[in-house]
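Here's the letter readout for the chains.
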Amino acid sequence: MSILKARRFPFGSRIHGTKLSRYSPIETIPSPDFVCISMSQHIGAPAIPVVAEGDVVKKGQLIAKAAGPVSANIYASIPGTVEKISEITNGLGQKQTHIRIKNDFTGNEMLFDDLKDRSPSSVVERVALAGIVGLGGAGFPTAIKLSPKSPLDILIINGAECEPYLTCDDRLMLERTEDIYRGMKIIAEALGLTRIIIGIEKNKPLAIEAFAKYADIDVVPLRKQYPMGGEKQLIYCTTGRKVPVGKMPFDVGCCVQNVKTVLACYEAVVLNKPLTETVLTVSGHGVKEPKNLKVPLGTSFSSLIDYCGGKSDDTVKIVAGGPMMGKALVSLNQYTRKTDSGILVLTDKETNREKPSNCINCARCAQKCPMRLMPMMIESHFLCGDYSGAERYGAMNCVECGLCAHNCPAGRALVQSITAAKNKIREMKKNG
Ligand code: SF4
Ligand code: SF4
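Cut-offs used in this document
- Residues numbered from 1 in each chain as written.
- Chains lettered and ligands numbered in written order.
- Predicted model: local features only at pLDDT ≥ 70, side-chain atom pairs only at ≥ 80, totals over all residues.
- Heavy atoms only, no water.
- Near = heavy atom within 4 Å.
- Nonpolar A, V, L, I, M, F, W, Y, C, P; charged D, E, K, R; others polar.
- Domains from an automatic or database assignment.
- Contact = heavy atoms within 4.5 Å.
- Salt bridge = Lys/Arg side-chain N within 4 Å of Asp/Glu carboxyl O.
- Pairing = 2+ DSSP bridges.
- Helix = DSSP H or I, 4+ residues; strand = E, 2+ residues; numbered from the N terminus.
- Axes fitted to C-alpha atoms, helices over the stretch in contact; angles between N-to-C directions.
- 1 Å grid on protein atoms, 1.4 Å probe; cavity = no way out; pocket = protein on both sides within 12 Å on 5 of 7 lines; lining within 4 Å.
- Points joined across faces, edges and corners; volume = space filled by probe spheres on them.
- Buried < 20%, exposed > 50% of the residue type's maximum accessible area, 1.4 Å probe, protein only.
- Lys, Arg positive; Asp, Glu negative; His and termini not counted.
- Polar contact = N/O pair within 3.5 Å; in protein donor to acceptor, adjacent residues only side chain to side chain.

Asks: So what about the site of ligand 2? Which residues, and what values?
Replies: Taken together, 13 residues surround ligand 2, and among them Cys359, Cys362, Ala363, Cys365 and Cys408 come closest. Taken together, the residues of the shell around ligand 2 sort by class into 10 nonpolar, one polar and two charged.

Asks: If you had to explain the domain arrangement of the protein chain to someone new, which residues and values would you point to?
Replies: Size of an interface, as often reported, equals the accessible area lost when the parts are brought together. Domain annotation for the protein chain reports domain 1 (2–21 + 114–269) and domain 2 (364–430). For domain 1 versus domain 2, the distance between C-alpha centres works out to 28 Å. Contact with domain 1, which involves 12 residues of that partner, is made by 12 residues of domain 2. Across the contact surface, domain 1 and domain 2 share zero salt bridges.

Asks: Can you lay out the sheet that holds strand E11 (residues 196–201) for me, pointing to particular residues and giving the numbers?
Replies: Sheet architecture is open: five strands sit in the order E1-E12-E11-E10-E13, paired in parallel fashion. Only two strands of the sheet have a single neighbouring strand rather than two, namely strand E1 (2–3) and strand E13 (254–258). Seen against the sheet, helix H4 (residues 177–191) touches strand E10 (154–159), E11 and E13 and runs at an angle of roughly 150° to E10. This element, helix H7 (residues 259–269), spans E10, E11 and E13 of the sheet and lies at about 85° to E13.

Asks: Summarise the layout of surface pockets; cite the residues concerned and give the values.
Replies: Taken as a whole, the second largest pocket holds about 400 Å³ of empty space. In terms of lining, the second largest pocket is formed by 14 residues, of which the most central are Lys232, Lys242, Val243, Pro370 and Arg372. Class assignment of the residues belonging to the lining of the second largest pocket gives a composition of nine nonpolar, two polar and three charged. The residues that make up the lining of the second largest pocket include at least three from each of domain 1 (2–21 + 114–269) and domain 2 (364–430).

Asks: So what about empty space enclosed by the protein? Which residues, and what values?
Replies: Taken as a whole and judged by the stated rule, the model has four cavities of 30 Å³ or more. Lining the largest cavity are 17 residues, and of these Ala264, Glu267, Leu275, Glu277 and Thr278 sit closest to its centre. Every element with two or more residues in the lining of the largest cavity is listed here: H7 and strand E14 (277–283). The element contributing the most residues to the lining of the largest cavity is H7, with four residues.

Asks: Got a sec to walk through the side chain of Lys260? Specific residues and values, please.
Replies: Within the secondary structure, Lys260 sits in helix H7. Asp169 provides the closest opposite charge to the buried, unpaired Lys260, separated from it by 4.9 Å. One polar contact links the side chain of Lys260 to the main-chain carbonyl oxygen of Asp340, over a distance of 3.0 Å. Among all residues touching Lys260, those that are not within four sequence positions of it are Leu135, Cys168, Asp169, Leu172, Thr278, Val279, Asp340 and Ser341.

The following block contains the structure:
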């Protein structure tokens, strides 16, 4: 083992925020009465249901299959009866097909057979079969990342967890250290790599200590700088390699995996478990008892908030994810997905709900942008309907980290504008 010195990436910011649930061990919630499982829990096409209403399923049974290479299988997260397969508008305002399963509390569960061998192809096949995607939030199918087109030499494990409030990765690194370590080794072997680096922000000293005991991995304690968990920033800070604009981590010889994804790979390969649950943080001053919870996929957000003592009367906003990259809910009709890492119940004091004012050209947004973009220019081109102009200013390189909006004194909704601009640019290209 060696503890390596981290680099500092240019721009970015130190975000103040409390990790209220830092010392709360992960609790497994009682099996819920029902789950409502979205078919769109990953990047790419929605999964295709392979069960019908009225079917009785076991936990771990395939209920929807991947609709192509950039998609992922989905498994029942509780045993019971498929009550309904229908399109619902979720709490984010998106229309998605969901499978609702009523729990029969039988405890019936299906696992995969033991792997015949741990060859790279068997491991990659198992990871794809288990429906594992980037659980740090990206939702990109992990099996694709484990089949790189160019040679790699370093596996980087993302233990930064740089978003304020979120603590589930920290707790997993403390409570499942050995399993995560074994997951890293499985992934490294599948990629033919011997060099493994884990990057952990310095505000998690116990996690740094926990991994420092392994002789064959390097631990890099990272300075607290947002967005340290961004792939490009993490690669630079742990290795000094720069991923050029428009390029991917594999272009500089690196594969980056989040700790939760690594753990899911361990469970699929060693314990023969498909991906049916997630670990997330329920936090914010609006919830009575902030906690880290292990929950079946498809558990309702409202039941999890109730499990944590319910929300206070001064709650003004509920967010899926962290405060920087998460999305505010428009309703509580939201159910846990593979990529969820947090539910934030926020009070007035924790949010900025002032109406945006005109841009004063202070350039603070550009000074903080880790991708060196000019968010105010992208926004103004977008608002004028000049999507090509927004593209010229690099809209497609925005990683939606939220720093520009966080630092804007005019309270401009920069990320929403940039995200919308990206969608328009994609649409424009699709239609020629
Ligand atoms: S423009 Fe994008 S990458 Fe830059 S700070 Fe804003 S959200 Fe982050
Ligand atoms: S930080 Fe806000 S006010 Fe300042 S230039 Fe950027 S968008 Fe305009």
